[in-house]
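Structural features, examined
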Amino acid sequence: MVESAVASAREILTGLHDVMAGRGTAQSKLDHVVDLIADKMASEVCSIYVMRDNMLELYATHGLNKDAVHVTRLGLGEGLVGTIAEQTRVLNLEEASAHPQFSYRPETGEEHFHSFAGIPIVRREAPIGVLTVQHEDSRKYEDVEIEALQTVAMVMSEMLANAGIADGTRGRSRSSGEQQLGGLQLVTGMARGKAVFHQPKVTVEHTVAEDTEAERARVYAAFRKMREQIDNMTRDAEFGTTGEHEEILETYKMFAYDEGWARRINEAIDSGLTAEAAIERVQQHTRTRMKEIDDPLLAERMHDLEDLSNRLLRIVAGRMTTAAQTGLDEDTILIARNLGPAELLEYDRRRLKGVVLQEGSLTSHVTIVARAMGVPTVGKIEDIRHIANDGDEILVDGDQGSICVRPSRTTIDSFDMRMATTQKRRAEYAALKDQPAETIDGVRIQLMVNAGLPEDAAQLAANGAEGIGLFRTEFQFLIAARLPGRESQQKLYKDVLDAAGDRPVIFRTLDIGGDKALPYLNEKDEAENPAMGWRALRLSLDRKALMKAQARALIEAAGGRHLRVMFPMVSEPWEFEEARQLFEKEVQWLRDRKRVLPTVIEYGCMLEVPSLAEMLDQLLPRLDFLSIGTNDLTQFLFAADRADPRLADRYDWLSPSILRFLKRIVGQCKEANVPVRVCGEMGGRPPEALALIAIGMEAFSVTPAALGPLKAMIHSLDASAARREFEGLLADPPKMFREAVIDWARQQAVDLS
Ligand code: PEP
Ligand code: MG
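Residues numbered from 1 in each chain as written. Chains lettered and ligands numbered in written order. Predicted model: local features only at pLDDT ≥ 70, side-chain atom pairs only at ≥ 80, totals over all residues. Heavy atoms only, no water.

**Details of the coordination of the magnesium ion (ligand 2)**
Six octahedral donors around a metal ideally make angles of 90 or 180 degrees; four tetrahedral donors ideally make 109.5 degrees. Heads up, the condition is: Here a donor is an N, O or S atom found within 2.8 Å of the metal, or within 3.2 Å if the metal is Na, K or Ca; sites may look incomplete because water is not among the atoms. Each helix corresponds to a stretch of at least 4 residues labelled H or I by DSSP, and each strand to a stretch of at least 2 residues labelled E; elements are numbered beginning at the N terminus. Whether a residue is buried, partly exposed or exposed follows from its accessible area with a 1.4 Å probe, protein chains only, as a fraction of its type maximum: under 20%, in between, or over 50%, in that order.
Binding of the magnesium ion (ligand 2) to the protein goes through E608 (OE) and D632 (OD), at separations of 2.0 to 2.1 Å. Residue E608 is located in the loop between strand 19 (600-607) and helix 21 (616-619), and its partner D632 is located in helix 22 (residues 630-637); the two are separated by 24 residues in the primary sequence. Residue classification places D632 among the buried positions, given a relative accessible area of 2%.

**Structural notes on the site of ligand 1**
Rules: Only heavy atoms are used to decide nearness, and a residue is near a molecule or strand if one of them lies within 4 Å of it. Polar contact criterion, stated in full: a pair of N or O atoms within 3.5 Å, where within protein one must be able to donate a hydrogen and the other to accept it, and residues adjacent in sequence count only if both atoms are side-chain atoms. Under the grouping applied here, Gly and all other residues not named as nonpolar or charged are polar, the nonpolar ones being Ala, Val, Leu, Ile, Met, Phe, Trp, Tyr, Cys and Pro and the charged ones Asp, Glu, Lys and Arg.
In the vicinity of ligand 1 there are 17 residues, among which R472, R508, E608, N631 and R642 approach most closely. R472 places a side-chain nitrogen or oxygen 2.8 Å from an oxygen atom of ligand 1. Between an oxygen atom of ligand 1 and a main-chain N or O atom of G629, the distance comes to 3.3 Å. Mapped by element, the contributors of at least two residues to the shell around ligand 1 are helix 12 (365-373), strand 16 (468-472) and helix 22. Looking at which element gives the most residues to the shell around ligand 1, the answer is helix 22, with three residues. When the residues that make up the shell around ligand 1 are grouped by side-chain class, the tally is four nonpolar, five polar and eight charged.

**Focus on the domain arrangement of the chain**
Note the following rule: Domain start and stop points were drawn from an automatic or database domain assignment. Accessible-area loss on putting two parts together, using a 1.4 Å probe and summing over both, is the definition of buried area adopted here. Here, a salt bridge means any Lys or Arg side-chain nitrogen found within 4 Å of an Asp or Glu carboxyl oxygen.
Split by domain assignment, the chain resolves into domain 1 (2-163), domain 2 (175-200 + 328-432), domain 3 (201-321) and domain 4 (433-747). When the area that domain 1 buries against domain 3 is broken down by residue, the three leading residues are R10, M154 and E158, summing to 35%. At the boundary of domain 1 and domain 3, one finds one salt bridge. Residue R123 is joined to E205 by a salt bridge in which the shortest nitrogen-to-oxygen separation is 2.9 Å. Element by element, the count of residues in the side of domain 1 that touches domain 3 is highest for helix 4 (residues 143-163), at six residues. Across the side of domain 1 that touches domain 3, the residue classes tally to five nonpolar, four polar and six charged.

This is how it looks when you write it as structure tokens:
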């Protein structure tokens, strides 16, 4: 029996191919199929159950009572067949009736049969049927027999889909129930839309090969291409965007060159499958094996292998484009393992309603870009790419850091209600927009916004911001396919200044490198830790032509107006000096040519590298303003990569160490009479902003969505009481620092919502 099962796997497929290609109704084809399988596998019973109206209906059988066809129906989770479908898991039983889920159906006459094996028939990861075999004698089926049946089940899936007789095979929606998933809150806001995979999943449409050798050649070619891609990624070190990529690449490489994997795919092709079906078949097999091993480390590896397997599938199917390149045609929730900021910027903002990442961290640049785009984002939803199907409805709750896949009507209704409440709250915030941000005891706080997209400046009046405290000029570079020329830079800066009118705009010079890699500025020998590498001002000072072009674009754009320039990642005062001199030289050059120059140029510095804090006595007298970039600063203070999802929620911004550090800086700036502001994400969160005000910070540049909540907090805060409280909290910090701050705010009725 075992021998014949192996030998006949190919024969069954050939037979199935003929049945599928032949004429006849779905019923007659399935009747044919059960006879064929029973015969080739020397099985006493073979039956096919098909999911119809959410019930598994006995659709065809060889060996059971024919009168039971279309009569015997089981719900998901009911009996052995229902259990197999619900869990999309194989059952292989010596004695069927001994299984706790066994449900006896007298009309089938199955009491004579003891052994039982059932295989789920799956389409787009949802069950659409079950294939079973039964025997009179009591024995377990061999692995090879089960494998042969799994291959057959895959072909059955195509057959049922073609016939359109199973649920979910007619339309796009394949309901497999609502799933609530918790993750990491990255960008606030609520969104509803249809799931779209950044890298589309390939649905295997054709399973039985016409020409086995041609399929083999396709797989070989795809393997070659995939290995080439992985090698390039390793060489360029620009794959993915963040943290763990080193480790992932190593695993990718290991799998890509794994002969065992290639051999198994080859064997699946031998059995008569197409290249796509063979890859998928081997993947299913590995997935099942891995499920049996309960090891989190292996589960991680499994994700990597799935990634690679999907990549191989996409290569074979010729679908290497991302969803951005294909275009979005409805409200979309984008799903990805991770994304680079440039990749996200490629999407149409009008259609992109939310983002769900398998990884993701709060201060990675993709999150900052998502925030700038106003797209609610949730990260660390580990199983998202397996749970969601393309086109599934998804609710994203960026306020709570959770999502709901395939929500029920009730869930949608309550989500919509909460969304309406949030909108009401937003309307209340909007009503505050023209009121000054002043605390109860009269401390005036300056609230500006972070921006970077051309349309951001136009929003200033609408959201009541006092200006742009950080204009990330690199966004233009990230969107572009090639280096933007001086004219296009100048046009953008001029448009921004025009739109901002009297409100100040602080332009930060290029901050590229790190996780903001530009594909067209590919540095082959990127360091292992790019966040601490050759980026931002370091790169600009070495690539003077780049910086000169930007300087000239800024100076000319601000002709006749006030220009404010800020340099990122200054680590030592001389870097600031050199950058400033470069600008001054450009001013001179333009002056010599009688161009209209800015009326005033202010030069500021970002403090995001801790070493600079020790040199403030030297630097402050030469500065017009200082801006604290807490995103980078905290990653360096804690030595915790801001893009590493494993560290995303490990350290708290509301920490005595950060606040003590910043308090010293604020004090020094005040003494030197140099304006200081916070422009990192920390300042946009009401509890953190409260703490910053308590240590003397009076100017913030935040994400636009944070303006309302911050103003509400400021209006309800007594700054001097906060100062007093924080003196105690910082002198003798309680263990639960955040809780202590929140408790105090609650007692004082400070609005932290
Ligand atoms: C920062 O580091 O805090 C900052 C504002 O700059 P970016 O996030 O763009 O690195
Ligand atoms: Mg920074």
